[in-house]
Amino acid sequence: MTWNRKDILDIESLRVDEITSILDTADGLKEISQRSIKKVPTLRGKTVVLFFYEPSTRTRVSFDIAAKRLSADAISISAATSSLVKGETLVDTARNLESMNPDVIVMRHSCAGTPYLLSRKIATPIINAGDGMHAHPTQALLDMMTVREHKKDLAGLQIAIVGDIAHSRVARSNIIGFTRMGACVRLSGPPTMIPKGVEALGADVTYDFDEAISGADVIMMLRIQKERQQRFLFPSEREYANRYGLSMKRLEKAKPDALIMHPGPLNRGVEITPEVADHINSVILCQVTNGVALRMALLYLVAGGMRNAADH
Amino acid sequence: MRLIIKNGHVLDPGNIDQVADITIDDGIISSLEPVTSDLSEKKSKAVRIIDASECYVVPGLIDMHVHLRDPGQEYKESIETGIQAAAAGGFTAVCCMPNTCPVNDNRQITEYIIETAKKCGSVKVYPVASVSRGSKGDELSDYGELKDAGAVGVSDDGLPVISSQLMRRALEYANGVGISVISHCEDPSLSEGAMNEGLMATRLGLAGIPNAAESIMVMRDIALSELTGTPVHIAHVSTKESVHALRDAKSRNIAVTAETAPHYFTLTEDAVCEYDTHAKMNPPLRSNEDRAAIHKGLADGTIDVIATDHAPHSILEKEVEFDRAANGIIGLETALSLGLKLVEEKVITLESLIGKMAKNPSRIIGVPRGIAVGEPAHLTIIDPEKAFTYDVEKGFSKSRNSPFNGWEFKGRAVYTIVDGRVVFESK
């Protein structure tokens, strides 16, 4: 198919055929990272700005590597080094970046909706690398890629997502993405971490962890942020680990071949025990590997690599 | 100087409801008579005749909740531009909230506002001073001196009065002085969010503000009003729980009054989709169910007043990340038309609308409004059929933060008259 979507802002706006096309492209590009010379000239002469207004290691490095493997020039800007700290507005900073003619802006921001604000103000394609508690489309896509790789088809799968759903952009994007692809999503966590009305996104909710994972094909554990304890969302890490941590014993409730996933970074011993994190069915590091391929695919599609390829 | 308003449907709720000619001499209504074909005798002296056929002539509207941003934030609004916007919206008077820079907690600022407004010679401005000095919630402002300077009420609007003891003493002390207390009801520990808590917030990944953040404080203030036996006015009611609490309090004869704003009876949280910062306000736009409860509260008299909470902000505060955007919208130039829309939809009667936009606020702040011989001529002439498209760029306010830009309206103020002078007329 021809790609003609300017931005990747969320999963919500992607059609099933577009998601499939992204995953297929990523599958095809994955092999590049296994070569001894890990570089193709596809995006030579293209400029990718990594505009990270919120700290990130994994996602930023993943995008950086993805851009470089496609021969694009990647430039990183973080909040601390940008003129945002000098009081410039976000829109002005973005307009300045736009004036230097980049081909893609990859942006991460702690405030939900910020990529929408910029996409209305500038013409440069934007890939959302996470906005507040709203969306993390590239994470959801790499999660779908990872599950599809292991389970062949997403339709009909039982996906359990467990933890702080309320504050998780990963959960939001995965609920929308997996249900759109025909999977069933079940959410679990303490009621303080389940956002109001989330069922309307297409997921079931149970506060009973064992029920949530019983018969699951995929268990996705979310990171617990320790500072949430101060916000009265859970009493202690010990209590949380007892009630909502994934242990070997708990794992027995799921299907024997259930995939264990986590968007990272891990809190070993809190939401997941070390044994489960390193379990044979854990695909946590596959997720990271696939992240590079998936982001290569998005940069390729959005930066016009396909159109260029057709021109040659 | 004489002004004649002829053939208008004069509607002063509970007083007059008939087609009549009004003659105004030197700012005072000098005669009010059924329409006579012969005005020649009166005309001889007249300098101006307004034909109000097909229009309503009502007591001058009062907006008891606006922010004029002056002194201190004149880049958002000034007393002069705020007054112009008010006049264009049909308002003959506004009450301006004290959250200026510095806060209006003293005679000098109150007098500055009144003097500046007087120089404009248009809409009346009645300052509301702060409940607590600097709106810091530590000690009472000097209500006696503020009242003498011209303040009609006290409020820490924008911020809640967190200490129940301070609120109790404010109610008691203000009652002795004879000044109204207007309460911004919010429990800040519950309200750390950017929009209404609910499905839309979940979808957008924004932190939500639950209804209880408002209703808890409404219930507290009702309890304090009951305790002290003094009146309290609840600002910008947005939730169904608040409406229920107010209805119950009124049924028990507690001296509580309440206002809501046009956006709460018109919009819901759905307006926030696409992260529109012009739909960001505090309290936030609520659910459909809450809007229905507000309608019911307006219809049965639980909510006494419609006030705009006109809150001008520039693009510096609005063209930013949603979480960081300032709360509030402008409303002076759309309030009456949105109210007339409620009448059109048969939620309330026109008489009730005029009650909520003129008579009731005038009673609460102690500034008389009525159409009678011998009274000052503060009048609004409404053409209920006049259609127009609201273009915020052509508005009088310095700011442009309205979610109603581009809306098609039917009905608006065509003349605004203060002390017998036409301060606005619709082209």
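The structure displayed is predicted, hence computed values, not measured ones.

## Points about the overall build of chain A
Across its full length, chain A holds 12 helices and nine strands. Each of the three principal axes of chain A carries a C-alpha extent, and together these read 55 × 45 × 35 Å. Burial analysis of chain A (312 residues in total) assigns 58% to the buried set. Considering only intrachain contacts with a sequence separation of at least 6, the fraction spanning at least 24 residues in chain A is 72%. Of the accessible surface of chain A, which amounts to about 12800 Å², a share of 51% is contributed by carbon and sulfur atoms. Taking the average location of the 39 positive side-chain charges in chain A and that of its 35 negative ones, the two points are 3 Å from each other.

## Concerning the confidence of the model for chain A
The share of residues in chain A with pLDDT of 70 or more is 95%, and the mean pLDDT across the chain is 93. Contacts for the low-pLDDT stretch residues 308-312 of chain A, under 50 throughout, to residues beyond four places or in other chains number one contact.

## Quick look at the interface of chain A and chain B
Between chain A and chain B, the residue contacts involve 26 residues of the former and 19 residues of the latter. Between chain A and chain B, roughly 1800 Å² of surface is buried when both sides are summed, and carbon and sulfur atoms account for 54% of that area. Summed over the three residues of chain A that lose the most area to chain B, namely A:Cys111, A:Ala112 and A:Lys196, the buried surface amounts to 26% of that side. Applying the counting criterion to the chain A and chain B interface returns four salt bridges. A salt bridge links A:Arg231 to B:Glu192; its shortest N-O distance comes to 2.4 Å.

## Some remarks on the confidence of the model for chain B
Parts of the prediction with low pLDDT should not have their coordinates interpreted in detail. For chain B, mean pLDDT is 96; residues scoring 70 or higher make up 98% of the total. Interface scoring of the predicted complex returns ipTM 0.92; its pTM is 0.94.

## Structural notes on the environment of A:Ile176
Residues and elements named next belong to chain A. One can find Ile176 in helix H6 (residues 169-180). You can call Ile176 buried: its relative accessible area is 13%. Sequence separation between Ile176 and Ala203 is 27 residues; the distance between their C-alpha atoms is 8.5 Å. Setting aside anything within four residues of it in sequence, one finds Ile176 in contact with Ile11 and Glu12.

## Some details on the nonpolar core
The tendency in soluble globular proteins is for nonpolar side chains to be buried as a group. Formed by 107 residues in total, the largest nonpolar core has its most connected members in A:Phe51, B:Val94, B:Leu206, B:Ile234 and B:Leu353. Contacts of B:Leu353, omitting those with residues within four sequence positions, involve B:Ile306, B:Leu336, B:Gly339, B:Leu340, B:Val343 and B:Ile348. Counting 66 residues, the second-largest nonpolar core is a separate cluster that includes A:Leu70, A:Ala129, A:Leu141 and A:Met144.

## Remarks on the environment of B:Ala149
Residues and elements named next belong to chain B. Within the secondary structure layout, Ala149 lies in helix H4 (residues 143-149). Each C-alpha atom of the pair Ala149 and Val373 lies 29 Å from the other, and the pair is 224 residues apart in sequence. Non-local contacts of Ala149, meaning those with residues more than four positions away in its chain, are made with Arg107, Thr110, Glu111 and Ile114.

## Thoughts on the domain arrangement of chain A
Residues and elements named next belong to chain A. For chain A, the domain assignment lists domain 1 (16-135 + 288-311) and domain 2 (137-286). Placing a centre on the C-alpha atoms of domain 1 and another on those of domain 2 gives a separation of 26 Å. Each partner contributes to the interface: domain 1 provides 30 residues, whereas domain 2 provides 24 residues. Where domain 1 abuts domain 2, roughly 2200 Å² becomes buried across the two surfaces, and 59% of that area is made up of carbon and sulfur atoms. Broken down residue by residue, the surface that domain 1 buries against domain 2 is led by Leu23, Met133 and Asn290, which jointly contribute 27%. Linking domain 1 with domain 2 are four salt bridges, by the criterion used here. Note that Arg169 and Glu54 form a salt bridge whose closest N and O atoms lie 2.9 Å from each other.

## Let's talk about the pattern of salt bridges
This structure, assessed with the given rule, holds 45 salt bridges over all chains. The salt bridge involving B:Glu393 is made with B:Arg400; its shortest N-O contact spans 3.4 Å. B:Arg400 sits in the partly exposed class, given a relative accessible area of 29%. Look at the salt bridges and you will find they share partners, linking A:Arg5, A:Arg15, A:Asp17 and A:Glu18 into a network.

## Here's the deal with the packing of helix H8 (residues 240-251) of chain B against helix H10 (residues 288-299) of chain B
Residue and element names in this part refer to chain B. Taken N-terminus to C-terminus, the directions of H8 and H10 make an angle of 30°; their axes are 8 Å apart at the nearest point. It follows that H8 is roughly parallel to H10 by the angle criterion. For the element pair H8 and H10, the recorded crossing hand is left-handed. Contact with H8, carried on its side by Lys240, Glu241, Val243 and Arg247, involves Glu289, Asp290, Ala293, Ile294, Lys296 and Gly297 of H10 and no other residues of that element. Across the contact of H8 with H10, the residue classes tally to three nonpolar, one polar and six charged.

## Looking at unusual backbone geometry
Of note, the bond from B:Asp70 into B:Pro71 is cis; its omega dihedral lies within 30 degrees of zero at 15°. Inspection of the secondary structure assignment puts B:Pro71 in the loop between strand S6 (61-66) and helix H2 (79-88). Cis peptide bonds are those with omega within 30 degrees of zero, and the linkage from B:Cys101 to B:Pro102 qualifies with 0°. Tracing the backbone shows B:Pro102 in the loop between strand S7 (91-96) and helix H3 (107-120). A positive phi angle is found at A:Asn101, which is not glycine, with a value near 55°. You can see A:Asn101 is positioned in the loop between helix H3 (90-99) and strand S3 (104-109). Phi is positive for B:Glu274, which is not a glycine, with a value near 70°.

## Quick look at the domain arrangement of chain B
Residue and element names in this part refer to chain B. Under the domain assignment, chain B is made up of domain 1 (2-57 + 374-425) and domain 2 (60-365). Using C-alpha coordinates to define each centre, domain 1 is positioned 26 Å away from domain 2. Across the contact, 35 residues belong to domain 1 and 45 residues belong to domain 2. At the boundary of domain 1 with domain 2, the tally comes to three salt bridges. Between Lys410 and Glu344 there is a salt bridge, with the nearest N and O atoms lying 3.5 Å from each other. Along the contact surface separating domain 1 from domain 2 lie 21 residue pairs in polar contact (both at pLDDT 80 or more). Contributing elements (two or more residues each) for the side of domain 1 that touches domain 2: strand S1 (2-12), strand S16 (379-389), strand S17 (408-418) and strand S18 (421-425).

Definitions and cut-offs
Residues numbered from 1 in each chain as written. Chains lettered and ligands numbered in written order. Predicted model: local features only at pLDDT ≥ 70, side-chain atom pairs only at ≥ 80, totals over all residues. Heavy atoms only, no water. Helix = DSSP H or I, 4+ residues; strand = E, 2+ residues; numbered from the N terminus. Buried < 20%, exposed > 50% of the residue type's maximum accessible area, 1.4 Å probe, protein only. Contact = heavy atoms within 4.5 Å. Areas by Shrake-Rupley, 256 points an atom, 1.4 Å probe, with all protein chains shown as cover. Lys, Arg positive; Asp, Glu negative; His and termini not counted. Charge placed at Lys NZ, Arg CZ, Asp CG, Glu CD. pLDDT = per-residue confidence, 0-100. Buried area = accessible area lost by both parts, 1.4 Å probe. Salt bridge = Lys/Arg side-chain N within 4 Å of Asp/Glu carboxyl O. Core = buried A, V, L, I, M, F, W, Y, C linked by side-chain atoms within 4.5 Å. Domains from an automatic or database assignment. Axes fitted to C-alpha atoms, helices over the stretch in contact; angles between N-to-C directions. Parallel < 35°, antiparallel > 145°, perpendicular 65-115°, else oblique. Left-handed = near helix turned anticlockwise from the far one by under 90°. Nonpolar A, V, L, I, M, F, W, Y, C, P; charged D, E, K, R; others polar. Polar contact = N/O pair within 3.5 Å; in protein donor to acceptor, adjacent residues only side chain to side chain.

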